[in-house]
Amino acid sequence: MIKDILLDILAIPSPSGNEQLLTKKFADFVAPMVDRVTVDTIGNVIAYRKGNGSGKRVMIVAHADEVAMMVTYIDDNGFVHFQEVGAVDTNILPEQIVEIHHVGKTVAGVIGKKPLHLQEKSEYAKDWATEELWIDLGVKSKAEAEKLVEVGDYITYKTQPFFLQSNNIVSKSLDDKSGLAVMMEVAQCLKDESVDDDIYFVASVQEELGARGAQVAAQSIKPDIAIAVDTTHAVDYPSVSPERIGDISLGKGVVVTKGPNIDLSLAQQLTKIARESDINFQLQAISHQTGSDINPIQLVEAGVKTALLSIPLRYMHSPNEVACLEDMMSAGELLKKFCMSSH
Ligand SMILES: [Zn+2]
């Protein structure tokens, strides 16, 4: 079940550039369902499943990495300074609980900032840059801190998933562990099904730094078709509106994207399957390159037919993203049916 797979992988930190714990989990999970699992130089895990005949290569990709932070400097009092890895809204960082990953161990810390009482009036509404924040480990000295962490260690939010009403789950890194869970469930469902195409399930790395892993994976796979499963912004809460990016809501189904980064016939096949199978879906137009793995994949070799399935998400890249399990299930249904159809 998607819920079980998702909860399992949400517990595994996977900062961009150091995704091994999660990609190993993915490799172990899919190994019994495919013919071959490989890890490439940059760290992508590629699970290959031979088809029954068409010889077409279909790449399904979900990114394993999550936005994070990295230790840059430890000051004389043992406070840890850091930079963000990927698009992190630094204004939400103060007072967050984080964990620093150091050679197989983790140490907890809290991101500090001076409280309102001690701020100058001019600071009340200011933006906080990472240089003005620090991580407090509770240590007494630089020497003590250096026994626990070092420059270059990754930092992730320390949160536990939980559920709101209506099957809405709260967690960090639902972008893109919700997409990864969908892909893993599809690999599991297809295990005993007859599929014509050769399918490559790819857990990609470094998507948050510009889809760097997916580009490398596509260069070696040379797919005919590539579909990414990722998240997209829902706009069903105060202060955002559909005029800008479309009317996307939690709980209304998987999002099928159209636009120049998408092959139109693939998008049409996906919506046709969804309509015929009564799968809830929403349409989104992205009138430029998407911020997903299919952006570089579309341009690999002589070009690749690409499509994007997205899970609607509130509060993207925060420690408390919100997504709906039912949208993941409709994404899984649609992707499974697509893999079993002929293209
Ligand atoms: Zn993503």
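Rules and cut-offs
Residues numbered from 1 in each chain as written. Predicted model: local features only at pLDDT ≥ 70, side-chain atom pairs only at ≥ 80, totals over all residues. Heavy atoms only, no water. Domains from an automatic or database assignment. Contact = heavy atoms within 4.5 Å. Buried area = accessible area lost by both parts, 1.4 Å probe. Polar contact = N/O pair within 3.5 Å; in protein donor to acceptor, adjacent residues only side chain to side chain. Nonpolar A, V, L, I, M, F, W, Y, C, P; charged D, E, K, R; others polar. Donors = N, O, S within 2.8 Å, 3.2 Å for Na, K, Ca; no water. Helix = DSSP H or I, 4+ residues; strand = E, 2+ residues; numbered from the N terminus. Buried < 20%, exposed > 50% of the residue type's maximum accessible area, 1.4 Å probe, protein only. Expected span 1.5 Å × (residues − 1). Arc of directions from axis to C-beta. Salt bridge = Lys/Arg side-chain N within 4 Å of Asp/Glu carboxyl O.

Peer 1: Sorry if this is basic, but what is going on with the domain arrangement of the protein chain here?
Peer 2: Quoted interface sizes are often the accessible area lost when the parts come together. Per the domain assignment, the segments of the protein chain are domain 1 (2-66 + 172-340) and domain 2 (68-157). Spacing between the C-alpha centres of domain 1 and domain 2 amounts to 32 Å. At the interface, 12 residues of domain 1 touch 10 residues of domain 2. Roughly 950 Å² is buried in total at the junction of domain 1 and domain 2, and carbon and sulfur atoms are behind 67% of that figure. Sorting the residues of domain 1 by area buried against domain 2 places Pro15, His317 and Pro319 first, and these three jointly supply 43% of that buried surface. In this assembly, domain 1 and domain 2 are joined by three residue pairs in polar contact (both at pLDDT 80 or more). The class makeup of the residues in the side of domain 1 that touches domain 2 is four nonpolar, five polar and three charged.

Peer 1: I keep staring at the coordination of the zinc ion and nothing clicks. Help me out?
Peer 2: Each donor-metal-donor angle in an ideal tetrahedron of four donors is 109.5 degrees, and each such angle in an ideal octahedron of six donors is either 90 or 180 degrees. Donor atoms from the polypeptide that coordinate the zinc ion comprise His63 (NE2), Asp175 (OD) and Asp230 (OD), at 1.9 to 2.3 Å from the metal. Mapped onto the sequence, the residues coordinating the zinc ion show the spacing H-x111-D-x54-D. Of this pair, Asp175 sits in helix α4 (residues 174-190) while Asp230 sits in strand β13 (residues 225-233), placing them 55 residues apart in sequence. Classification of Asp175 by relative accessible area gives buried; the value is 4%. Its relative accessible area of 6% is what places Asp230 among the buried residues.

Peer 1: I'm lost on helix α7 (residues 264-276) in this one. Help?
Peer 2: An α-helical turn contains 3.6 residues, so any two residues separated by three or four positions project in the same direction. Spanning 13 residues, α7 covers 18 Å between terminal C-alpha atoms, matching the ideal 18 Å at 1.5 Å per step. Within the sequence span of α7, burial applies to Leu266, Ala267, Leu270, Thr271, Ile273 and Ala274. Viewed end-on, α7 has its buried residues packed into an arc of 160°, placing them on one side of the element. Seen from the buried face of α7, the exposed residues on the opposite side, beyond 90 degrees, are Arg275 and Glu276. On its buried face, α7 sits against β13, β14 (254-258), β15 (281-285), β16 (305-313) and α9 (325-340). Asp278, located one to two residues past α7, shows a positive phi value of around 55°.

Peer 1: It is not clear to me how the pattern of salt bridges should be interpreted in this structure. Could you clarify?
Peer 2: For side chains of opposite charge, pairing can occur when their charged atoms come near one another. If you walk through the whole model with that rule in mind, you get 11 salt bridges. Between Lys177 and Glu66 there is a salt bridge, with the nearest N and O atoms lying 3.0 Å from each other. Of the two residues, Lys177 is situated in helix α4 and Glu66 in the loop between β3 (57-63) and β4 (68-74); the sequence distance between them amounts to 111 residues. With relative accessibility at 1%, the residue Lys177 sits in the buried group. Using a relative accessible area of 2% as the deciding quantity, one classes Glu66 as buried. A salt bridge links Glu123 to Lys114; the shortest N-O distance between them is 3.0 Å. Each member of the salt-bridge network shares a partner with another, and the members are Glu66, Lys172 and Lys177.

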